[in-house]
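# Commentary on secondary and tertiary structure
Here are the chains, one letter per residue:
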Amino acid sequence: NNEKSVPQLLIRDLKFEKSLAKLMFSPDQDNHPSKAPVKYGELIVLGYNGSLPNGDRGRRKSRFALFKRPKANGVKPSTVHIACTPQAAKAISNKDQHSISYTLSRAQTVVVEYTHDSNTDMFQIGRSTESPIDFVVTDTVPGSQSNSDTQSVQSTISRFACRIICERNPPFTARIYAAGFDSSKNIFLGEKAAKWKTSDGQMDGLTTNGVLVMHPRNGFTEDSKPGVWREISVCGNVFSLRETRSAQQRGKMVENETNQLQDGSLIDLCGATLLWRTAEGLSRTPTVKHLEALRQEINAARPQCPVGFNTLAFPSMKRKDVVDEKQPWVYLNCGHVHGYHNWGNKEERDGKDRECPMCRSVGPYVPLWLGCEAGFYVDAGPPTHAFSPCGHVCSEKTTAYWSQIPLPHGTHTFHAACPFCAHQLAGEQGYIRLIFQGPLD
């Protein structure tokens, strides 16, 4: 039977499994405790397969690692000033003092001063390129191959979208808060922003388009299940979602949940979604070396096109956007893998749908691409499945997990998307098992 699934053959190769086990885990920082800085975790932007289209530059990149800072820069709330007193005005104008201003009316502003916290490090994320922002994030355009596509879109990501505060001591807990401090060390919540006084007399509020967070159930593993999307306030409290993204009325407070990030937590900034991976979680994740070994192994099995009988090969990780002549293509309705050919291209079908020569099922015919961003994988399984309709290939458990995740889209809709290119998933499952033809010899 030539129609064997090549990756299934691979799994039985025990020697290969042992060699993979050595490659699989990232080098452990514990080997060099004095030299290696403590890593709290990494933020990975969904929709990019290992790097931004025009390359990662400075604070603009597809993933951002949070390391313990040489000197703590965290802040915590201290004095509260009510009304337009001279101290309130001074707190706002004091460039050395962090503060959050809640404008209740033209006559009344509440200013909460923040003081230095030697136990925490603060990292800020947003669209602004000003110096307080550590990680610059722009709107993700699904499947866009170049950043020029993204500039025409009116951004819905806040300039100072959110901040993450990490404990400098074990277990290095990371917490997320809506809004970030600007160059004057201020956060301003204007008259229109949703804000309120809490039961203990403190102030709190939401940003215009909000910061949403979803913690997966069972961590970020092959047993993960989607959690519930929540909104995080400026003070880090947890709320159910508003009716629409920027509605004035806040959701209900969720008392038994916290703003503490877990491995696999998703953070949505209304225009881009970030995946949080803890340092510990990343140490259990396949490395780029491991994915490269899987690529080489699948190519070594010499899968063939059942029509042209030519050998197929996944291009190297570096050439992940250019269709190669040996590139495998797939019929998305049945999963039969071929080389590129013109069979079954009926003009009346618009050229979009094709008939598979193996089983005659009709559907889209697309090139296959390896998922190169290792942080999106929930396990280290072989690349046996592809997302539909984009053709990004990864392990079965990884496709199954992401196909269940409702990602925020626009101001009030959710849909599952491929983590490697952000394309909305199509078809019954959103992914398909690949059927490779082995070599005839």
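Cut-offs and rules
- Residues numbered from 1 in each chain as written.
- Predicted model: local features only at pLDDT ≥ 70, side-chain atom pairs only at ≥ 80, totals over all residues.
- Heavy atoms only, no water.
- UniProt positions renumbered as here; feature names shortened; annotations may be inferred.
- Pairing = 2+ DSSP bridges.
- Helix = DSSP H or I, 4+ residues; strand = E, 2+ residues; numbered from the N terminus.
- Salt bridge = Lys/Arg side-chain N within 4 Å of Asp/Glu carboxyl O.
- Buried < 20%, exposed > 50% of the residue type's maximum accessible area, 1.4 Å probe, protein only.
- Lys, Arg positive; Asp, Glu negative; His and termini not counted.
- Polar contact = N/O pair within 3.5 Å; in protein donor to acceptor, adjacent residues only side chain to side chain.
- Contact = heavy atoms within 4.5 Å.

Per an unreviewed UniProt entry, the chain is named PELI1 ligase, and its organism is Rhynochetos jubatus. Of the chain, the UniProt comment under Sequence similarities (unreviewed entry) reads exactly: "Belongs to the pellino family."

## Focus on the sheet that holds strand β21 (residues 362–367)
Strand order in the open sheet formed by four strands is β19-β18-β21-β20, with antiparallel pairing between adjacent strands. Two strands close off the open sheet at either side, each with one partner strand: β19 (337–338) and β20 (353–355). In terms of strand pairing, β20 meets β21 through three bridges, oriented antiparallel. Looking at β21, one finds that E355 is bridged to V362.

## Re the pattern of salt bridges
Opposite charge on two side chains lets them pair, provided their charged atoms get close. Summed over the entire model, instances satisfying the criterion amount to 14 salt bridges. Across the pair E130 and R159 runs a salt bridge whose closest N-O atoms are separated by 2.8 Å. Residue E130 is found in the loop between β6 (120–126) and β7 (135–136), and its partner R159 is found in the loop between α4 (148–151) and β8 (162–167); the two are separated by 29 residues along the sequence. One salt bridge connects E222 with K397, and the closest N-O pair in it is separated by 3.1 Å. Pair noted here: E222 is in the loop between β13 (211–214) and β14 (230–232) and K397 is in helix α7 (residues 396–403), with a separation of 175 residues, a long-range link. E222 sits in the partly exposed class, given a relative accessible area of 40%. One continuous salt-bridge network, built from bridges that share partners, spans K39, E42, R63 and E373.

## Here we look at the side chain of D379
Mapped onto the elements, D379 comes out in the loop between β22 (369–370) and β23 (385–387). Although D379 is buried, it forms no salt bridge, and the closest oppositely charged side chain is K397 at an N-O distance of 5.0 Å. For D379, the side chain forms a polar contact with the side chain of S395, separated by 2.5 Å. In this structure D379 touches E222, P286, S395, K397 and T398, once residues within four positions along its chain are discounted.

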